[in-house]
Amino acid sequence: MLRAIADVLRQIGGAIATVVTLPFRAPARLFGGASGSARGHRA
């Protein structure tokens with residue numbers, strides 16, 4: 001019984017973590033791609 005509750009809490013925590021980190025991941029990808037392409041143009 002406790003294992004089932006722990007699994008549910010883990011799934012909920014994972015879902016919340018993905019939702020919270022998504023807005024931070026998108027700009028990081030955009031800036032990462034921009035800086036990567038800028039470096040490529042310089043070289």
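Observations regarding the overall build of the protein
Here is step 1 of the chain: Regarding its fold elements, the protein presents one helix and zero strands.
Here is step 2 of the chain: Residue burial in the protein is summarised as follows: out of 43 residues, 0% are buried.

Quick word on a nonpolar patch on the surface
Here is step 1 of the chain: Nonpolar side chains collect at one region of the surface, where Met 1, Leu 2, Ile 5, Val 8, Leu 9, Ile 12, Ile 16, Val 20 and Phe 24 lie side by side and expose about 1000 Å² of accessible area between them.
Here is step 2 of the chain: Looking at where Phe 24 falls in the secondary structure, it is placed in helix H1 (residues 2-42).
Here is step 3 of the chain: Owing to a relative accessible area of 63%, Phe 24 belongs among the exposed residues under this scheme.

Topic: the pattern of salt bridges
Here is step 1 of the chain: In the structure shown here, the tally under the stated rule is one salt bridge.
Here is step 2 of the chain: Across the salt bridge formed by Arg 10 and Asp 7, the nearest N and O atoms sit 3.0 Å from each other. With Arg 10 and Asp 7 both in helix H1 and three residues apart, the pair spans about one turn of that helix.
Here is step 3 of the chain: Given a relative accessible area of 38%, Asp 7 falls into the partly exposed group.

Conventions used here
- Residues numbered from 1 in each chain as written.
- Predicted model: local features only at pLDDT ≥ 70, side-chain atom pairs only at ≥ 80, totals over all residues.
- Heavy atoms only, no water.
- Helix = DSSP H or I, 4+ residues; strand = E, 2+ residues; numbered from the N terminus.
- Buried < 20%, exposed > 50% of the residue type's maximum accessible area, 1.4 Å probe, protein only.
- Patch = residues over 30% accessible without salt bridge, like charges linked within 9 Å, V, L, I, M, F, W, Y side chains within 5 Å.
- Areas by Shrake-Rupley, 256 points an atom, 1.4 Å probe, with all protein chains shown as cover.
- Salt bridge = Lys/Arg side-chain N within 4 Å of Asp/Glu carboxyl O.

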